[in-house]
Amino acid sequence: MKTHNIISPELRQYQEIDYNNIVKAFESNKSVCYQAPTGSGKSVVIAKKITSSVISNRKVLFLSNRTHLQKQMKQRLKKLNVNVSTFSASNIEALKADVVCVTIQTAISDNNFNVLTGTLFDDVIIDECHRSVTKSYLDVIRQLSITNPLLLLLGVTATTNRFDMKPLSMIYTSMVSCSKSMSELVNDGYLAKYRVFT
């Protein structure tokens, strides 16, 4: 694992606070949920966490529910010189990378599940983690945790609320919220002003 060329992404001040709060939460928890508004730069904070993990020789799985989210994160990490690849049935070699990207649909398919979840990952990061209390995610998380009982899980989402009211505390034992509110992000010029239609 070559880490000396990895570039750590630059964070805004509030993102740095959020990142440090995530790191602190992991000092006493194995599963942490990070909630921040859409457009606040969650993916940059994720990239910071991933680069930090790889520099510490930790193998990372990035799990998302959409191919475009997977591609965006892969592109971002490549620009930071991270050894990242996308896992699929036709690309099992991807599991040799420091960071493996995969969609939940690919992860749970019969041809992939055992191969993927039998790989020892140190960290799993789930994008749009309000979905992670569904059976497909739970099956993947459970098996990965059997493969590595010391597994650390970071979930990231803009909303912790689900229509079925299932609590994310089923999985995550700590919650880190963005250090700035949506109104503060708007007032500080990080988010555009919004209009509400009823």
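Rules and cut-offs
- For every chain, the first residue of the written sequence is number 1, and numbering continues from 1 onward in sequence order.
- Given that this is a predicted model, residues contribute local features only at a pLDDT of at least 70 and side-chain atom pairs are listed and counted only at 80 or more, while totals for whole chains, interfaces and linings are drawn from all residues.
- The basis for the side-chain values is all heavy atoms of the structure; hydrogens and waters are excluded.
- Think of it in three bands: with a 1.4 Å probe and only protein chains considered, a residue is buried below 20% of the maximum accessible area for its type, exposed above 50%, and partly exposed in between.
- We count a stretch as a helix when DSSP gives it H or I for four or more residues in a row; a strand needs E for two or more, and each element gets its number in order from the N terminus.
- DSSP bridges decide pairing: two strands pair if at least two such bridges lie between them.
- Crossover handedness is defined by viewing with both strands directed away from the observer: a clockwise path from the first strand over the helix to the second marks the crossover as right-handed.
- For helices, the fitted line uses only the C-alpha atoms of the stretch in contact; every axis is such a line through C-alpha atoms, and the angle between N-to-C directions lies from 0 to 180 degrees.
- Expected span, for any helix, means 1.5 Å times one less than how many residues it has.
- As used here, the arc is the angular range of directions from the helix axis to the C-beta atoms.
- The criterion used for residue contact is that any of the two residues' heavy atoms lie within 4.5 Å.

Draft legend 1. Just the pairing of strand 5 (residues 123–127), in detail. The element strand 5 is extensively covered by neighbouring structure, given that five of its five residues are classed as buried. Taking every second residue as pointing to the same face, both faces of strand 5 are buried, with D123, I125 and D127 on one and V124 and I126 on the other. Alignment of strand 2 (residues 60–64) against strand 5, held across four bridges, turns out to be parallel. Residue V60 lies in a different strand from strand 5, and its bridge partner there is D123. Relative to strand 6 (residues 152–157), strand 5 runs parallel, the two being bridged by five bridges. Bridging across to strand 6, D127 finds its partner in V156. In this view, the connection linking strand 5 to its parallel neighbour strand 6 by way of helix 6 (residues 135–147) has right-handed handedness.

Draft legend 2. Focus on the sheet that holds strand 7 (residues 174–177). In spatial order, the strands read 3-4-2-5-6-1-7; together these seven strands make up an open sheet with parallel pairing. The sheet is open, and its two borders are formed by strand 3 (84–86) and strand 7, each paired with just one other strand. Each strand axis lies, on average, 20° off the axis of its neighbour in the sheet, ignoring direction. Direction of pairing for strand 3 relative to strand 4 (residues 99–103): parallel, over a ladder of three bridges. Paired with T86 across the bridge in strand 4 is C101.

Draft legend 3. Geometry of helix 3 (residues 67–79). Across its 13 residues, helix 3 extends 19 Å between first and last C-alpha, which sits within 8% of the 18 Å expected from 1.5 Å per residue. L69, Q70, M73 and L77 are the residues of helix 3 that are buried. Here the buried residues of helix 3 occupy an arc of 100° about the axis, which is enough to place them on one side. Across from the buried face of helix 3, at angles greater than 90 degrees, the exposed residues are K71, Q75 and K79. Buried-residue contacts for helix 3 involve helix 2 (42–55), strand 2, strand 3, strand 4 and strand 5. Two residues or fewer past helix 3, N81 is found with a positive phi of approximately 65°.

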